[in-house]
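Chains, contacts and geometry: an overview
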Amino acid sequence: MQEYERKQLLERVEREGATVGADIPDTIEVQGEEIDLQTFVFEIKRRETVPPGERERVEQAKRNLRRERLERLEQIEEGDISRERGEELARSIIGIDRALNALENLGPTDLEREQKAQQAADKKRWMSFLKKALGQEDANNARRGL
């Protein structure tokens, strides 16, 4: 592969809109293991939230995809590869990016924790309101010298 071809491929995979219209690969080999990537992403995306048992699996998949993306990018940057192999790697990187975008844009992954935080904030606001309404806040501030 010529150096200018290598640069063109690298520019293509790093382009901001590279994933627009790109498909998530049906399957992809990540660290020697064949993954049904498209099925996995659509299975996770069709749910409103990621169930607690699936969170670690999704996070591990994202880490593995990022690692695989980096390895493929390095092959384009430094490898002694043909133009055809470079094109193949570029397409797969864009597909990985598309899958990562889909997995990164999932809704809140810990609704239970968010709900508890919201309830605690609501309770705190309510208690503050009650103290003000009952005049207790003014009495507490007077004792503190405020």
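Residues numbered from 1 in each chain as written. Predicted model: local features only at pLDDT ≥ 70, side-chain atom pairs only at ≥ 80, totals over all residues. Heavy atoms only, no water.

Description of the overall build of the protein chain
Selection rule: Runs of H or I in DSSP of at least four residues are treated as helices and runs of E of at least two as strands, each being numbered from the N terminus. Partly exposed describes any residue whose relative accessible area lies between the buried limit of under 20% and the exposed limit of over 50%, with all areas from a 1.4 Å probe on protein chains only and scaled to the type maximum. We call two residues in contact whenever any of their non-hydrogen atoms come within 4.5 Å of each other.
A count of helical and extended segments in the protein chain gives six helices and two strands. Helices and strands appear in the protein chain in the N-to-C order α-β-β-α-α-α-α-α. For the protein chain, buried positions account for 31% of its 146 residues. Partitioning the intrachain contacts of the protein chain with sequence separation of at least 6 by distance along the chain shows that 66% fall at a separation of at least 24.

Considering a nonpolar patch on the surface
To keep things clear, this is the line we draw: What goes into a patch is any residue over 30% in relative accessible area without a salt bridge, connected to like charges within 9 Å or, for nonpolar side chains (Val, Leu, Ile, Met, Phe, Trp, Tyr), within 5 Å. Each accessible area value is a Shrake-Rupley result obtained with a 1.4 Å probe; residue values ignore everything except the protein chains displayed when judging cover. In what follows, salt bridge is the name for a side-chain nitrogen of Lys or Arg lying within 4 Å of a carboxyl oxygen of Asp or Glu.
A contiguous nonpolar surface patch, about 350 Å² in accessible area, is contributed by Trp126, Met127 and Phe129. Here Trp126 is to be found in helix H5 (residues 111-134).

Some details on the nonpolar core
Worth spelling out the cut-off: Side-chain atoms within 4.5 Å link the members of a nonpolar core, which is a set of buried Ala, Val, Leu, Ile, Met, Phe, Trp, Tyr and Cys residues.
Ranked by size, the top nonpolar core spans 17 residues in total, and within it Leu37, Phe40, Val41, Ile44, Val58, Leu65 and Leu103 carry the most contacts. Here this core gets five residues from one element, more than from any other, and that element is helix H4 (residues 83-104). Not counting residues up to four positions away in its chain, the partners in contact with Leu65 are Val30, Leu37, Ile96, Ala99, Leu100 and Leu103.

Overview of the layout of surface pockets
How we decide: Think of a 1 Å grid over the protein atoms and nothing else: a 1.4 Å probe that fits but is trapped marks a cavity, an open set flanked by protein within 12 Å on at least five of seven lines marks a pocket, and residues with an atom within 4 Å of a point count as lining. Grid points are joined across faces, edges and corners, and a volume is the space filled by probe spheres set on the points. Here the nonpolar group is Ala, Val, Leu, Ile, Met, Phe, Trp, Tyr, Cys and Pro; Asp, Glu, Lys and Arg are the charged ones; every other residue, Gly included, is treated as polar.
In this structure, the largest pocket spans a volume of roughly 240 Å³. Val30, Gln31, Glu33, Ile35, Asp36, Leu37, Phe40, Arg57, Ala61, Asn64 and Leu65 together form the lining of the largest pocket. Of all the secondary structure elements, the ones that give two or more residues to the lining of the largest pocket are strand S2 (33-35), helix H2 (37-45) and helix H3 (52-78). Among the elements that take part in the lining of the largest pocket, H3 stands out by supplying four residues, more than any other. Looking at side-chain class alone, the lining of the largest pocket contains six nonpolar, two polar and three charged residues.

Digging into the packing of H3 against H4
Note the cut-off: Convention adopted: a line fitted to C-alpha atoms gives each axis, helices being fitted over their contacting stretch, and angles between N-to-C directions are expressed from 0 to 180 degrees. Oblique is the label for any angle not under 35 degrees, not over 145, and not in the 65 to 115 range, which are roughly parallel, roughly antiparallel and roughly perpendicular in turn. In this scheme, a crossing is called left-handed if the near helix is turned counterclockwise away from the far one by less than a right angle; it is called right-handed if the turn is clockwise.
At a closest axis distance of 9 Å, the pairing of H3 and H4 adopts a crossing angle of 155 degrees. Classified by the angle between their axes, H3 and H4 sit roughly antiparallel to one another. H3 and H4 meet at a crossing whose hand is left-handed. Along its contact with H3, which presents Val58, Lys62, Leu65, Arg66, Glu68, Arg69, Arg72, Leu73, Gln75 and Ile76, the element H4 presents Arg85, Gly86, Leu89, Ala90, Ser92, Ile93, Ile96, Asp97, Ala99, Leu100, Leu103 and Glu104. Partitioned by chemical class, the residues of the contact of H3 with H4 number 11 nonpolar, three polar and eight charged.

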